[in-house]
2 protein chains.
Amino acid sequence: MKIEYAVTGMGAVWHAINPRLIPAQISYIAGHAGDKVLFIESAFVPMIERLAGELSTVRLFVLLADGVSMPSTSLPNVRSYEGFLGEGDEDFAWPLFDELSASSLFYTSGTTGNPKGVLYSHRSDVLHCLSIAGASSGAFTALDTILPMRPMFHANGAWGFTHAAPMVGAKLVLPGPKMDAASIAELIEAESVTVTGGVPVLYARLLPHFEAAGRGAGSLKRIVVAGSAPAPSMIEGYERMGVSVKHVWGMTETSPTGTCPGPSRKTARLSQDAQWRRKTGQGHPMYGVDVKIADENGNEMPRDGVSSGRFMVRGPWIASGYFRDEKPLLEDGWFNTGDLAVMDEDSHIHLTDRAKDVIKSGGEWISSIDIENLVAGCPGVADAAVIGIPHPQWEERPLLVVVPTVTSPASAKSIHAFFEGRIAKWWTPDDIVFVEALVYGATGKVQKMDLRRRYAEHYATRGGISLD
Amino acid sequence: MKIEYAVTGMGAVWHAINPRLIPAQISYIAGHAGDKVLFIESAFVPMIERLAGELSTVRLFVLLADGVSMPSTSLPNVRSYEGFLGEGDEDFAWPLFDELSASSLFYTSGTTGNPKGVLYSHRSDVLHCLSIAGASSGAFTALDTILPMRPMFHANGAWGFTHAAPMVGAKLVLPGPKMDAASIAELIEAESVTVTGGVPVLYARLLPHFEAAGRGAGSLKRIVVAGSAPAPSMIEGYERMGVSVKHVWGMTETSPTGTCPGPSRKTARLSQDAQWRRKTGQGHPMYGVDVKIADENGNEMPRDGVSSGRFMVRGPWIASGYFRDEKPLLEDGWFNTGDLAVMDEDSHIHLTDRAKDVIKSGGEWISSIDIENLVAGCPGVADAAVIGIPHPQWEERPLLVVVPTVTSPASAKSIHAFFEGRIAKWWTPDDIVFVEALVYGATGKVQKMDLRRRYAEHYATRGGISLD
C-alpha cells in the first residue's frame, strides 16, 4: 500500500503483477509496461532471478526485506526495502501534476493473445472512488473499517477500495496470505470490520462459518460482492444476519465498478424475498457510467427486462484503449463488455450470457482461445474446444472438449502433462471430455453454445479445485 | 427548474436575479452578465418595464404565462412561455461540450461596490454535487425526497440540491411562495420529504410547529442547515425528534458547500450532548476542498482548536476570480472566505468571527461599507458606521451608528426617509444609534470590534423584522 501511495503520489505509474502467471507472461508484462523499478517479495526472488535476463527495462530491484533478512541474490542493482527508504529524501515535496496523468496500470487477459494493459489516470481514479464510496453504492464513511479481500494485482488494486478508504477517512484493513474462512472471520472481529469486498467463492466459505459460530456477523454491515453473481441462498444468508449484500459488476477495463444495487423506489416496493432475488442481478449503472443493451449494430434495445443484447458502457472511468495498443477499443464511444444482458425500465441490469469467448473463474478471466491454441499443439489432439461451464465454487471453470487423433490419440493424462509449465495452474481445465467431432456453424466457429448446454451440469456435483 | 435544466443542457449559461435587489442592481447584473433572454414572472413585469431601457443586451423577454393569461406589456420582443415552447424544435439534439464550459452564474454582494458574479462550470457543478450527495455529507439516494427551501437566485440555485437530486435519482420538491411553518410542514407531509435544505431562521420557525403537532417530524430524516450557525437548542430539538442536523458551511464563491459534519471516530466517541454541541461548528472539509487556518501572511496555523485565523479554502469548486473582473481573487491558490475560524486536530472547523466587513442576515450578505457610503451622503450625518450584531432571528442585522452634524442634525426619521428607494428594504439597518464620535484605529479604520462588543445585546430582546 505504502508503495502504491508513494509511487502514484510522486506522479509515477504503479502496477502489480500476478505472480501466478506463467514466467513468460510476467516478463512480457514487465517489458510491455516498461517497468523501471521492481519491488519483490522475498519468496519470488528465485522466479525473478530466472527472468532477470528478460527484464531489460528494470534498473533497480527492491526486495521487501530489511537489511538483516535480505536474501542473497544474483539480481543486479538490488536494494533492501529498508535500505531503499533510508536513501530517500525526507524533504521530498509532492509535485502537482495534470489530473490526466497516468496513475496505475493493470493487466487483464483478453480473449486471446498477450495480457492487455489498462492505464488509469488520477482523474479516472478520483471519479471512480467518489462513485463507489457514494451513498447509493458502498456508502463508505470515516466510521467504516474496510477490508478488501482481493489481491493488489486485480482490477484497480482491490477494486479501488485502497483509494476510496482514505478518500473518506475510513480505516483500511488488508488481509494477509491467510484467506480461509476462520482467518478472515477472526480478522473481521479483531479489527471491527464493517465493509468487505470479495468474490462469491470467498463469501460462500465465510457464511457457514458465521452460521456455525451462531453470533451473527458481528461488526460487519455490508459486503461488496463482485467477480461473479452470488447465489440466492448466499444473499439470503447474509441478509438474514443483517448484512447488506452489495452485488456490483465491473471489470479491469471499467476501473472496475460500473454497476451497483442502487436504492430504487421500485425495488423498495418489492417483498423482502423479491428484493433479495433482485440482488442476483448486477444492479443499476452508477452515476458517471452510461449503459445500454445494444444489438449487433450498436442500436439500443428496449429496456423491458426481456430483450437481451450486448451490454455496453461508457464514462470517465471506462478504458478507451489498451496501453500501447493501436487497436480502437470503443464502438462509437461505447465499450463492449463482452457480456450479454437485459435491462428493465428501472435501469436494472441482469447479465444473461457471455458473448466473448472467455471464462470467468473466481473473478478472473481465462481465455478459451489461448488454451485452444495451446492444446492444438498437443500430440494426439485433432481438434479441441474450451468452454466455461458453471461451477459451484468458482462460477465458471474451463472444460476441455477434445477430438483425439485416430492414431496415437491423446489421453487425459498426456494432455495434462502437456499443460504442465505451459499455462498457469488455475487456467488448466478441470476436466477433459472426448468427442468424435465438433459442430461448426456457418461462420466457421465451433457452436460453443450447444457444448455449454450439453455440459452445463458437468461440474455441478463435483467439489471445487484449489487455487491456493 | 425546467428552464435551468434546458439552458445548461444546451450549453448556454443560466442565472437567476434576486427580485428584492434595488432596480439599479438588477439592471447592473443583467448588463454585466450580458443576458440575452430574460424569463420573467408576471408579477415582475412592471418593474422590468421600467428597467427595459437599460437592458440593452436582452433580445427576448419570455413571460412565465400561457397565451391566455398573458398580461399586456410595453416590453419589446416578448413571448409567453407556452408560446416560446411551441416554437421549439422537438428534435433538438443535446450537444456535447467541454466540461469546463460555463453552466451558471450567481451574483453575490461583496464587501463593497457592485454585485460580483461567480461563474460555475459543468465540471465544478458535477464534482460539487458528487460531494454534497456523498455518504459523508447529505447521503442523498433515489429513496430520498429533497426539498430545498432556498430561492433559486441564491448560491448555486438552492445550494446545488436541484442538480444533486437528479444525479442520484431522488425526487425533488420545490416550495411555492408560502414559506410559513404550517405550509412547509404540510408540504413535507404531503410529499413525504426526507431531506430539506434551509437557513436556521426557517428551521427555528418549523421546530415549535412540529413540537406543537406532537407527531414528530414525520418522513423527515435529515435537515441541511446553512447560511448561519444553528442554535444548540434548535439542534437538540430536531435530534430529539430523530432528525439528523447537518450544519454545513459555504458561500456563493464555494459553489456553495465547503464543509459538512462528516462522520468522525472522534465525534462518535463523545456523549450525545457533546455531539449535538459540536454541530454548532461548521464541520469538516468535504472531500475535494482543502482548508487551512492562516495568519495574515498565509502561513498555516496549528490545528489545535484554539488558534484563530483566516479561514481559507481551495479546490475544484472554489471560485478563482469573479466574472469579468481582472482583480486576482486567490492568495497563492487559496480563497480567503472572510471568516475567522479555529480548527482542531480532527479537522473540525468552528467559525469565530467575521474578518470582512459584511453582515450575514438570514443567509444573505449585506455590505456595511455600501450602507456607510450611502449614509455619508445623508444630510445631517457627520460620520457613520454600520455593524452587524447578533439578532435572534436573522443571525445578524445591521445597526447604524451615526455621528450627527452639529447644525441641522439628522434624525432617525430623516435617515430612514433617505434610505427609501436607495437600498433594498432588507439591507436597511433595523435601528440607528447616535454617538458623539467614532473611534479610529492606527490604520485609519473605525474600531468596529469595540462597537460590536458595545452593542452586542442591542437586538437580543427585540422581535425580528419582516423580510417578506
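Everything numeric here is computed off the predicted structure, so don't read it as measured data.

**Describing the relation of the copies chain A and chain B**
Now for step 1: Superposition of chain A onto chain B requires a rotation of 180 degrees combined with a translation of 0.0 Å along the rotation axis, giving an RMSD of 0.1 Å. The two molecules are tied by a two-fold rotation axis, judged by turn and shift. The rotation axis passes nearest to the C-alpha of A135 of chain A in chain A, at a distance of 2.1 Å.
Now for step 2: A shared binding surface is used by both copies, with 100% of the interface residues of chain A retained as interface residues in chain B.

**Digging into the side chain of E372 of chain B**
Now for step 1: With respect to the helices and strands, the residue E372 of chain B is situated in helix 13 (residues 368-375).
Now for step 2: Setting aside residues no more than four positions away along its own chain, E372 of chain B makes contact with A384, A385, V386 and K448 of chain B.

**Brief notes about the pairing of strand 13 (residues 257-260) of chain A**
Two faces make up the sheet, and in a regular strand the side chains alternate between them.
Residues and elements named next belong to chain A.
Now for step 1: For strand 12 (residues 249-250) and strand 13, the ladder comprises two bridges, and the chain directions are antiparallel. The partner of G250 across the bridge, within strand 13, is T257.
Now for step 2: Following strand 12, the chain reverses through six residues before pairing antiparallel with strand 13; S255 in that reversal takes a positive phi of roughly 80 degrees.
Now for step 3: One ladder, built from two bridges, connects strand 13 with strand 14 (residues 284-285); its direction is antiparallel. Within strand 14, the position partnered with T259 by the bridge is P285.

**A few points about the sheet that holds strand 9 (residues 195-198) of chain A**
Residues and elements named next belong to chain A.
Now for step 1: Here we have five strands laid out as an open sheet, ordered 8-7-9-10-11, and parallel in their pairing. Looking at which strands have only one partner, the edges of the open sheet turn out to be strand 8 (171-172) and strand 11 (244-247).
Now for step 2: Across four bridges, the pairing between strand 9 and strand 10 (residues 222-225) is parallel. Within the sheet, the bridge partner assigned to G197 lies in strand 10 and is V224.

**Thoughts on the side chain of H128 of chain A**
All names here are of chain A.
Now for step 1: Along the polypeptide, H128 turns up in helix 5 (residues 122-132).
Now for step 2: Taking the relative accessible area as the measure of exposure, H128 reaches 0% and is therefore buried.
Now for step 3: Once residues lying within four places of it in the same chain are set aside, the contact partners of H128 are N156, W159, T254, S255, P256, T257 and W317.

**Details of the domain arrangement of chain A**
Now for step 1: Split by domain assignment, chain A resolves into domain 1 (1-97) and domain 2 (358-462).
Now for step 2: Here the C-alpha centre of domain 2 of chain A lies 36 Å away from the C-alpha centre of domain 1 of chain A.

**Re the sheet that holds strand 6 (residues 116-121) of chain A**
Residues and elements named next belong to chain A.
Now for step 1: Taken in spatial order, the three strands of this open sheet run 1-5-6, and their pairing is mixed. The sheet is open, and its two edges are formed by strand 1 (14-15) and strand 6, each paired on a single side.
Now for step 2: Bridge analysis of strand 5 (residues 102-108) against strand 6 gives six bridges, and the strand direction is antiparallel. For A102, the partnering residue across the bridge sits in strand 6 and is S121.
Now for step 3: Helix 2 (residues 23-33) rests against strand 1 and strand 5 of the sheet, and its axis sits at about 150 degrees to strand 5.
Now for step 4: Contacts from helix 5 reach strand 5 and strand 6, with the element oriented near 75 degrees to strand 6.

Procedures and definitions
- In this convention, every chain numbers its residues from 1, walking through the sequence in written order.
- Chains and ligands are labelled by the order in which they are written, letters from A for the one and numbers from 1 for the other.
- Note on the predicted model: pLDDT of at least 70 is required for a residue's local features to be given, and 80 or more for side-chain atom pairs to be given and counted; whole-chain, interface and lining totals, by contrast, use all residues.
- Computation of side-chain values covers all heavy atoms of the structure but excludes hydrogens and water.
- For the least-squares superposition of copies, only C-alpha atoms count, and only for residues with pLDDT at least 70 in both.
- The contact definition used throughout considers only heavy atoms, calling two residues in contact when any of these lie within 4.5 Å.
- The way it works is that DSSP assigns letters per residue, a run of H or I at least four long becomes a helix, a run of E at least two long becomes a strand, and they are numbered from the N terminus.
- The rule for pairing is simple: two strands pair if DSSP sees at least two bridges between them.
- A simple rule labels every residue: compare its accessible area, found with a 1.4 Å probe on the protein chains alone, to the largest value its type can have, and call it buried under 20%, exposed over 50%, or partly exposed in between.
- The domain boundaries here were taken from an automatic or database domain assignment.
- Orientation is described by lines fitted to C-alpha atoms, with helices fitted over the stretch in contact, and by angles between N-to-C directions that extend from 0 to 180 degrees.

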